[in-house]
Amino acid sequence: MSGPAAGTAHAATTTDVVCLGESMVTFLPSQPGRLADVPSFGRGIGGAESNVACALAAAGHRAAWVGRVGADGFGDHLVETIAGYGVDTSAVRRDPDRPTGIYFRTATDRGTGAHEVAYYRAGSAASTMSPANVPYEELFAGRILHLSGITAALSADCLALLRELTAPRPGRPLVSFDVNHRPRLWRDGDAGVLLELARRCDLVFVGEDEAEEAWGIVGAEAIRAALPEPSVVVVKRGSAGATVFASGPRPGPRSSNAGGADIGSRPAHVGGAEAGEGAAQAAGRDTVTVVPALHVDVVAAVGAGDAFAAGFLSATLRGLPVRDRVRHGHLMAAAVLTVPGDLTEPPARDHADRLVALDDGAWGRLRLGPGWTAADRAHEEVRTP
């Protein structure tokens, strides 16, 4: 199959979100220190897109992960572990000739100079994903197709695949794209292609820091100016929170989603944002919503971006206002930030909804530490940092 045919979206969609990308077995250090000094490692899984799928499934959504792994024990571990979160892995392909990717990392924050990652993914099964060997029917079967810029960096074939999947066509589901710029993966390539891909999508997640590093674009307004096409652009600003630029829903792919819920930008519901959030205000064709980040007692920073995307997508599927989508993203990220690994059980939906509904003052005083997702600890959460 050379590419997706027009109108391949299923009339009766049974999946909320389909995520495509490489997942790897990750080896986590038993103690802090240089890779050269760590005596042993525990085995886990890692992969931006599979992380999103696992978080969405744990939050009660119907999520599928599509990828390619080796016909080896590590591939078995990945598929079994991801399926254990409730994710549909039936469309994952096994490669008899190429291995499953693995990597080792230190315990330090990815943003520090002391952080080390050793990837063993060159020539992996996932790097051979292409327009000729992925199951398009499964990819276009969901209400949302979630992609990331990591896949584009794996090989020329993977980049060609993302260009196919982000091309406009009738019946295309809403396409969500997390830029996920990884400088190490772009040493021999042009990260500017990520801007090209992002402009072809409907919903884009991008960090201010990665936009500056990959494209030389500084500031949320400048990022939106460089990405005029997507209906929703979520600019992640670290400890400052997130800024969302949302235009009105456009006719086309989004109107064909099953289930009846509006998963477009719904700007009419954003106007209730209060002054403490940086009151939402119209800027040209957009409604702009600014939502502060939470105070979090961080255990490990890895996986927070994927969790934020999952929280935002979860609230999008529920048709919630933009402010609430961002707050759910922050809460899902906080769940991961307060555990050592990339994945954890998210807060129960009613628990998260209660926190999202807090007024600005209470939201600003919220401080979350390890164990906060347990519903019986809710009374301990609202305190002055």
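Just so we're clear, the structure is a prediction, and the values are computed from it rather than from any experiment.

**Some points on the overall build of the protein chain**
- Helix and strand counts for the protein chain stand at 12 helices and 17 strands.
- The buried share of the protein chain, reckoned over its 385 residues, is 57%.
- The long-range share in the protein chain, meaning contacts at least 24 apart out of those at least 6 apart in sequence, stands at 71%.
- Per element, the accessible surface of the protein chain, about 14,800 Å² overall, is 52% carbon and sulfur.

**Some remarks on the packing of helix 9 (residues 304-317) against helix 10 (residues 322-337)**
- Two elements in contact, helix 9 and helix 10, have axes whose closest approach is 7 Å; the angle formed by their N-to-C orientations is 145°. As for how helix 9 packs across helix 10, the hand of that crossing is right-handed. Contacts from A304, A307, F308, A310, G311, F312, A315 and T316 of helix 9 reach helix 10 at D324, R325, V326, H328, G329, H330, M332, A333, V336 and L337.

**A word on the nonpolar core**
- Of all hydrophobic cores here, the largest spans 57 residues; its most connected members are L203, F205, V234, L294, F312 and L331.
- Not counting the four nearest positions on each side in its chain, F205 is found in contact with H146, S176, F177, D178, V179, E210, V234, K236, F308, A309, F312 and L313.
- Counting residues in hydrophobic clusters, the runner-up holds 46 residues, among them V66, L159, V179 and V204.

**Quick notes on the confidence of the model for the protein chain**
- On average, residues of the protein chain carry a pLDDT of 85, and 83% of them reach 70 or more.
- Note that pLDDT drops below 50 for residues 250-261; the model gives that stretch 23 contacts with residues more than four away or on any other chain.
- Segment residues 376-380: pLDDT under 50, and four contacts once partners within four positions in sequence are set aside and those in other chains are kept.

**Here we look at helix 1 (residues 48-58)**
- Counting buried positions over the 11 residues of helix 1 gives 10, a clear majority of the element.
- For helix 1, every residue scored as buried is listed here: A48, E49, S50, N51, V52, A53, C54, A55, L56 and A57.
- One or two positions beyond helix 1, positive phi appears at G60, with a value near 100°.

**A short note on the side chain of T26**
- Relative to the helices and strands, T26 is located in strand 2 (residues 24-29).
- Aside from chain neighbours lying at most four places away, what touches T26 is G42, R43, G44, I45, G46, Y103 and R105.

**Points about unusual backbone geometry**
- For N180, which is not glycine, the phi torsion reads 45° and is therefore positive.
- Along the chain, N180 falls in the loop between strand 10 (174-178) and helix 6 (193-199).
- Given the relative accessible area of 7%, N180 is considered buried.

**Considering the sheet that holds strand 3 (residues 41-46)**
- Ordered by their spatial adjacency, four strands build an open sheet running 3-2-7-8, and the pairing between neighbours is mixed. Edge positions in the sheet fall to strand 3 and strand 8 (117-120), since each of these pairs with one other strand and no more. Looking at each pair of strands side by side, their axes are set apart by 20° on average, direction ignored.
- Judged from the three bridges that link them, strand 2 and strand 7 (residues 102-105) form a sheet pairing that is parallel.

**What to know about helix 7 (residues 208-215)**
- For helix 7, every residue scored as buried is listed here: E210, A211, A214 and W215. Projected onto a plane normal to the axis of helix 7, the buried residues spread over an arc of 105° and lie on a single side. Opposite its buried face, helix 7 presents the exposed residues D209 and E213, each directed more than 90 degrees away.
- For helix 7, the secondary structure elements touched by its buried residues are strand 10, helix 6, strand 11 (203-207) and helix 8 (220-226).
- Directly beyond the C-terminal end of helix 7, a positive phi value near 70° is found at G216.

Definitions and limits used
Residues numbered from 1 in each chain as written. Predicted model: local features only at pLDDT ≥ 70, side-chain atom pairs only at ≥ 80, totals over all residues. Heavy atoms only, no water. Helix = DSSP H or I, 4+ residues; strand = E, 2+ residues; numbered from the N terminus. Buried < 20%, exposed > 50% of the residue type's maximum accessible area, 1.4 Å probe, protein only. Contact = heavy atoms within 4.5 Å. Areas by Shrake-Rupley, 256 points an atom, 1.4 Å probe, with all protein chains shown as cover. Axes fitted to C-alpha atoms, helices over the stretch in contact; angles between N-to-C directions. Left-handed = near helix turned anticlockwise from the far one by under 90°. Core = buried A, V, L, I, M, F, W, Y, C linked by side-chain atoms within 4.5 Å. pLDDT = per-residue confidence, 0-100. Pairing = 2+ DSSP bridges. Arc of directions from axis to C-beta.

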